[in-house]
Amino acid sequence: MNEQTSAQLSPLAGVKHTFFALRNGIVADALREAGLPHRMIFGLQLPQLSGIARDIGKDASLARLLWADSDVRESRLLACWVMPVESISEEDALEMGRSLRSREEADILAFRLLRYHPEAENIEARLQQEEGELPRYLATALHRNLEAMK
């Protein structure tokens with residue numbers, strides 16, 4: 001499939017095509033063995049996801065589709081890069097925190113998106129009050145990122 005054909009696909013299908021083209025079975029197997037909960041892991045590394053995000057730019061509708069694709073590790077991570085921070089409310093951020101599937105997602109969500117949110121400190125405080133380990137872990141990751149920005 002050439003670039004023109006890929007561009008004609010829906011944005012999500014185009015991203016998935018890129019994931020397939022860059023997949024790394026050795027990394028994917030290692031991540032699976034490490035216990036990541038996703039049904040599909042392509043094994044892309046963070047610099048590769050960053051490059052894909054640069055090519056896409058900020059796109060709220062695509063980011064929401066990627067985040068909803070919770071069975072695919074790379075979709076969830078890429079969503080954190082392409083979501084414009086001004087497109088998510090404090091409640092959206094909390095819902096993302098409640099739907100986390102791994103610590104890796106929490107770390108990337110805090111670092112690539114939530115630390116830039118104008119209500120980041122409120123989000124952190126509210127996440128601390130959430131049930132479950134992952135939202136509270138996200139609060140800790142967000143706190144670390146906010147402290148590093150001071």
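Residues numbered from 1 in each chain as written. Predicted model: local features only at pLDDT ≥ 70, side-chain atom pairs only at ≥ 80, totals over all residues. Heavy atoms only, no water.

1. Observations concerning the packing of helix α7 (residues 90–98) against helix α9 (residues 120–128)
Then, in step 1: Two numbers describe how α7 lies on α9: the axes approach to 10 Å, and their chain directions differ by 40°. In terms of their interaxial angle, α7 and α9 are classed as oblique. Crossing angle aside, the handedness with which α7 passes α9 is right-handed. Contacts from Glu90, Glu91, Ala93, Leu94 and Gly97 in α7 reach Asn122, Ile123, Arg126 and Leu127 in α9.
Then, in step 2: Here the contact of α7 with α9 is composed, by residue class, of 4 nonpolar, 2 polar and 3 charged. (Axes fitted to C-alpha atoms, helices over the stretch in contact; angles between N-to-C directions. Helix = DSSP H or I, 4+ residues; strand = E, 2+ residues; numbered from the N terminus. Parallel < 35°, antiparallel > 145°, perpendicular 65-115°, else oblique. Left-handed = near helix turned anticlockwise from the far one by under 90°. Contact = heavy atoms within 4.5 Å. Nonpolar A, V, L, I, M, F, W, Y, C, P; charged D, E, K, R; others polar.)

2. Thoughts on the environment of Ile26
Then, in step 1: Mapping Ile26 onto the fold places it in helix α3 (residues 25–33).
Then, in step 2: Along the primary structure Ile26 and Lys16 are separated by 10 residues, whereas in three dimensions their C-alpha atoms are 19 Å apart.

3. Focus: the pattern of salt bridges
Then, in step 1: The full count for this structure, using the stated rule, is 14 salt bridges.
Then, in step 2: Each of Arg39, Asp71 and Arg101 takes part in a single network of salt bridges with overlapping partners. (Salt bridge = Lys/Arg side-chain N within 4 Å of Asp/Glu carboxyl O.)

4. A word on the side chain of Glu124
Then, in step 1: Here Glu124 shows up in helix α9.
Then, in step 2: For the buried residue Glu124, which engages in no salt bridge, the nearest side chain bearing the opposite charge is Lys150, 7.8 Å off.
Then, in step 3: For Glu124, the contacting residues outside a window of four places in its chain are Ala139, Leu142, His143 and Leu146. (Buried < 20%, exposed > 50% of the residue type's maximum accessible area, 1.4 Å probe, protein only. Lys, Arg positive; Asp, Glu negative; His and termini not counted.)

5. Section: the packing of aromatic side chains
Then, in step 1: On inspection of all chains with the given rule, the structure shows 2 aromatic pairs.
Then, in step 2: With a centroid separation of 5.5 Å and 45° between ring planes, the pair formed by Phe19 and Phe42 is classed as tilted. Separated by 23 residues along the polypeptide, Phe19 in helix α2 (residues 11–22) and Phe42 in the loop between α3 and α4 (46–56) bring together distant segments of the chain. Like Phe19, the residue Phe42 is buried in the burial classification.
Then, in step 3: Consider the rings of Phe20 and Phe42, whose centres lie 4.8 Å apart with planes at 80°: the pair is edge-to-face. Pair noted here: Phe20 is in helix α2 and Phe42 is in the loop between α3 and α4, with a separation of 22 residues, a long-range link.
Then, in step 4: Within the aromatic cluster, the residues linked to one another by ring pairs are Phe19, Phe20 and Phe42. (Phe/Tyr/Trp six-rings, centres within 6.5 Å; stacked < 30°, edge-to-face > 60°.)

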